[in-house]
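Below, each chain spelled out in residue letters.
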Amino acid sequence: MKNAIFTFLVTVFAAGNLMAQDAPAAVAPEAKEAGIAEKNGLKTDAQKLGYAIGQDIGRNVSRFKGLMDVDTMISSIKDAMAGKEEKMTQAEISEVFVKLPALIAEGNKTKGDAFLAENKKKEGVVVTDSGLQYEVIKAGDGAKPKATDSVTVHYHGTLIDGTVFDSSFDRGTPTTFPLNGVISGWTEGVQLMPVGSKYRFTIPFSLAYGERGSGQTIGPNSTLIFDVELIKINNP
């Protein structure tokens, strides 16, 4: 019977880059000639496979950075592969995974609070009464929208570690939406912007997606960063 760790790793791999259909059909000649793996001491297929799997695991468990002990995880993988007796019961393992969402939420809050505390010290950063932080990247001279307006914007959204979760700039197409139909940090912040401006908003989780988060990338209690360019205010 699959235990909780095995199921967890299967989930990690399914979300990662080891799906066969995602693999390139052939290695580009220039990549093969470069021999980067060999130059870094990865000479055998076994070493390369081990490194590739390690990279995939590392990328996909990076969300738990600061929450888990990496050396213990590596030791646990080695023990499992060697068939050694488990150091935790299945009940104890299950309990850890039950606690995991709360641990992630608390970790995100702690990191977000620390980031906000440092960010507000930067020159040019303004903090509103709600806790929203903003800085002017480019000043515009147009009208400012009201909460009841529809606006057209370009935006680039990241987590505080730089992970991009959405970007109309990358898609090359601006987005139009009613200003009272988005997260409160946006509703408040975009009303501060004259048309033609570009601002950077650092939004506490309480003004973003709160304790629930959004999708697979924005976890609970996540502080978000948006670069927003206000293109126009649309007539009702």
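This text gives an overview of the structure that appears in the document.

About the criteria used
- Counting starts from 1 at the beginning of each chain's written sequence and moves along it residue by residue.
- In keeping with the model being predicted, local features are shown solely for residues with a pLDDT of at least 70 and side-chain atom pairs are shown and tallied solely at 80 or more, while totals for entire chains, interfaces and linings include all residues.
- Note: side-chain values were computed over all heavy atoms of the structure, leaving out hydrogens and water.
- Partly exposed residues are those whose accessible area sits between 20% and 50% of the maximum for their type, while under 20% is buried and over 50% is exposed, using a 1.4 Å probe and protein chains only.
- Helix and strand assignments follow DSSP, with helices taken as H or I runs no shorter than four residues and strands as E runs no shorter than two, numbered in order from the N terminus.
- Following DSSP output, two strands are said to pair if at least two bridges run between them.
- We call two residues in contact whenever any of their non-hydrogen atoms come within 4.5 Å of each other.
- Only rings of Phe, Tyr and Trp enter the pairing, Trp through its six-membered ring, and a pair is recorded when the two centres are within 6.5 Å. The plane angle decides the type: under 30 degrees is stacked, over 60 is edge-to-face, the rest tilted.
- Side-chain atoms within 4.5 Å link the members of a nonpolar core, which is a set of buried Ala, Val, Leu, Ile, Met, Phe, Trp, Tyr and Cys residues.
- Any carboxyl oxygen of Asp or Glu within 4 Å of a side-chain nitrogen of Lys or Arg constitutes a salt bridge here.

1. A short note on the pairing of strand 3 (residues 150-159)
Phase 1 of the analysis: Of all 10 residues that make up strand 3, eight are buried, and the element is covered over most of its length.
Phase 2 of the analysis: In the sheet, strand 3 pairs with strand 5 (residues 175-178) via four bridges, with the strands oriented antiparallel. Its bridge partner lying in strand 5, serine 150 is registered against proline 178.
Phase 3 of the analysis: The pairing of strand 3 with strand 7 (residues 224-234) spans 10 bridges and is antiparallel. Paired with histidine 154 across the strands is glutamate 229, a residue of strand 7.
Phase 4 of the analysis: Here strand 3 folds back onto strand 4 (residues 164-167) in antiparallel fashion, the turn holding four residues, of which glycine 162 has a positive phi close to 95°.

2. Some words on the environment of threonine 175
Phase 1 of the analysis: Relative to the elements of secondary structure, threonine 175 occurs in strand 5.
Phase 2 of the analysis: Assessed through its relative accessible area of 22%, threonine 175 is described here as partly exposed.
Phase 3 of the analysis: Distance in space between the C-alpha atoms of threonine 175 and threonine 152 is 5.5 Å, their sequence separation being 23 residues.
Phase 4 of the analysis: When sequence neighbours within four positions are dropped, the list of residues in contact with threonine 175 reads Val151, Thr152, Val153, Tyr155 and Ser168.

3. Here's the deal with the packing of aromatic side chains
Aromatic rings considered in pairs are described by the distance between their centres and by the relative angle of their planes.
Phase 1 of the analysis: Tallied over the entire structure, the rule returns seven aromatic pairs.
Phase 2 of the analysis: For the ring pair tryptophan 186 and phenylalanine 226, a centre distance of 5.2 Å and an interplane angle of 85° mean the geometry is edge-to-face. Remark: phenylalanine 226 occurs in strand 7 and tryptophan 186 occurs in helix 8 (residues 184-190); sequence separation between them is 40 residues. Across this residue pair, the class does not change: tryptophan 186 and phenylalanine 226 are buried.

4. Some points on the nonpolar core
Phase 1 of the analysis: Val153, Trp186, Phe201, Ile203, Phe226 and Val228 are the most contacted members of the largest nonpolar core, which totals 22 residues.
Phase 2 of the analysis: Only strand 3, helix 8, strand 6 (198-203) and strand 7 provide two or more residues apiece to this core.
Phase 3 of the analysis: With sequence-adjacent residues up to four places away left out, isoleucine 203 is seen in contact with Leu132, Ile183, Gly185, Trp186, Ala208, Ser222, Thr223, Leu224 and Phe226.
Phase 4 of the analysis: Of all hydrophobic cores here, the second largest spans five residues; its members include Val61, Phe64, Leu100 and Ile104.

5. Description of the pattern of salt bridges
Phase 1 of the analysis: One pass over the full model with this rule turns up 11 salt bridges.
Phase 2 of the analysis: A salt bridge links lysine 84 to aspartate 79; the shortest N-O distance between them is 3.8 Å.

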